[in-house]
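What follows is each chain in one-letter form.
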Amino acid sequence: MSTSLTARERMLGRLRAAAPAAPEAVEIIDMAIDRHYLARRAACPLSPRQRIDAMQAALLASHAQVDCVGADTWPALLAQRLGEHGVRRLLLDTGSAEGRALRAALPAEVETLSFARPLAQWKSELFDTVDAGLTVARSGIAATGTLVIAPDAATPRTVSLAPPLHVCLVHASTLHVDLHAAARAERWMDGMPSNLVLVSGPSKTSDIQQTLAYGAHGPRWLWVLIIDDFSAHEGGQP
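Structural notes, computed from the coordinates.

What counts as what
Residues numbered from 1 in each chain as written. Predicted model: local features only at pLDDT ≥ 70, side-chain atom pairs only at ≥ 80, totals over all residues. Heavy atoms only, no water. Salt bridge = Lys/Arg side-chain N within 4 Å of Asp/Glu carboxyl O. Helix = DSSP H or I, 4+ residues; strand = E, 2+ residues; numbered from the N terminus. Pairing = 2+ DSSP bridges. Expected span 1.5 Å × (residues − 1). Buried < 20%, exposed > 50% of the residue type's maximum accessible area, 1.4 Å probe, protein only. Arc of directions from axis to C-beta. Contact = heavy atoms within 4.5 Å. Phe/Tyr/Trp six-rings, centres within 6.5 Å; stacked < 30°, edge-to-face > 60°. Axes fitted to C-alpha atoms, helices over the stretch in contact; angles between N-to-C directions. Parallel < 35°, antiparallel > 145°, perpendicular 65-115°, else oblique. Left-handed = near helix turned anticlockwise from the far one by under 90°. Nonpolar A, V, L, I, M, F, W, Y, C, P; charged D, E, K, R; others polar.

## What to know about the pattern of salt bridges
Under the counting rule described, the total for this entry stands at nine salt bridges. Put simply, Arg41 and Asp178 hold a salt bridge, and the shortest N to O gap is 2.9 Å. On the criterion of sequence distance, the pair formed by Arg41 in helix H2 (residues 26-43) and Asp178 in the loop between strand E8 (175-176) and helix H8 (179-185) is long-range, its members being 137 residues apart. Salt bridges sharing common partners tie together Arg89, Glu111, Arg117 and Glu125.

Okay, here's the thing in structure tokens:
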């Protein structure tokens, strides 16, 4: 038998030689990750206003419609936009503060629906007749224009997935620079929600020729309203 090493044996030998004698503790790895992201943020710090700008730019690049509006003015703006878009049935959490504020501003021809029935009882109605769904993001990630949504019983995943138009509100004060900052600030390690949805634009897919199509597996349009909750302390809009 030949004594020369096969290519597989040589590769495995290099891997074994490069392997550390003992795996590093999780705490050491966490500290190294923290140092990396802290240094990166220190080298290019973003003010709260710059986070808003970065969030808008990233979402626009993903074909979302984005507006930064005041905490008192967003219901009227959104109600007008929904009417112009032809929305007649809107799915939202009617018990939330945001849901109540929007309902008060909507024209009479827009019907609001709550997710009060099991999906099986009204699946056809939901998919065939509901024009838009409203969610409120838990937070946002400015670097990638990502909305962090935590579905619950009143606003399950279906609200942001089934209607052709997904409208999402995110408060400017909840914007994080990057995913690492979000995980640390919200202390995901102490009890991360069992279901987090990360949304960075309308649903899109492509065929083998790389032709993009929107709305094939979810909403065709994504509207994001960044609620400016800094202006109350600064005396004006950005």
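## Things to note about the sheet that holds E8
Sheet architecture is open: four strands sit in the order E8-E5-E6-E9, paired in mixed fashion. Taken across any chain shown, the strands that pair with only one partner, and hence form the sheet edges, are E8 and strand E9 (197-199). Note: strand E6 (residues 146-149) against E9, three bridges, orientation antiparallel. In the sheet register, Val148 faces E9, and the bridge partner there is Leu198.

## A short note on helix H4 (residues 74-85)
An ideal rise of 1.5 Å per residue puts 16 Å on twelve residues; H4 measures up with 16 Å between its terminal C-alpha atoms. Restricting attention to buried positions, one finds in H4 the residues Trp74, Pro75, Leu78, Ala79 and Leu82. The buried side chains of H4 occupy one side of the element, clustering within an arc of 125° when seen end-on. Check the buried side of H4 and you find it contacts strand E1 (65-70), strand E2 (89-91), helix H5 (97-105), strand E4 (132-136), strand E7 (165-171) and strand E12 (221-228).

## Examining unusual backbone geometry
Its identity as a non-glycine residue notwithstanding, His63 has a phi of 70°, on the positive side. Within the secondary structure, His63 sits in the loop between helix H3 (48-61) and E1. Residue His63 is classed as exposed on the basis of its relative accessible area of 53%. We note that Arg187 has phi near 55°; this positive angle belongs to a residue other than glycine. For Arg187, the position within the fold is in the loop between H8 and E9.

## What about the packing of aromatic side chains?
Under the defined criterion, the tally for this structure stands at one aromatic pair. On the basis of an interplanar angle of 70° and a centroid distance of 5.4 Å, the ring pair of Phe115 and Trp122 is categorised as edge-to-face. By the burial criterion, Phe115 is buried, and Trp122 matches it.

## Observations concerning the environment of Pro163
Among the secondary structure elements, Pro163 is positioned in the loop between helix H7 (157-161) and E7. With 74 residues separating them along the chain, Pro163 and Arg89 place their C-alpha atoms 9.8 Å apart.

## Regarding the packing of H4 against H5
Their axes nearest at 8 Å, the elements H4 and H5 cross at an angle of 60°. By the angle between their axes, H4 is oblique relative to H5. The handedness of the crossing between H4 and H5 comes out as right-handed. In this structure, H4 contributes Trp74, Pro75, Ala76, Leu78, Ala79 and Leu82 to the contact, and H5 contributes Glu98, Ala101, Leu102 and Ala105. A class-by-class count of the residues in the contact of H4 with H5 yields nine nonpolar, no polar and one charged.

## Quick word on the environment of Gln65
One can find Gln65 in strand E1. In this structure Gln65 comes out as partly exposed when scored by relative accessible area, which is 32%. Setting aside anything within four residues of it in sequence, one finds Gln65 in contact with Arg81, Leu222, Trp223 and Val224.

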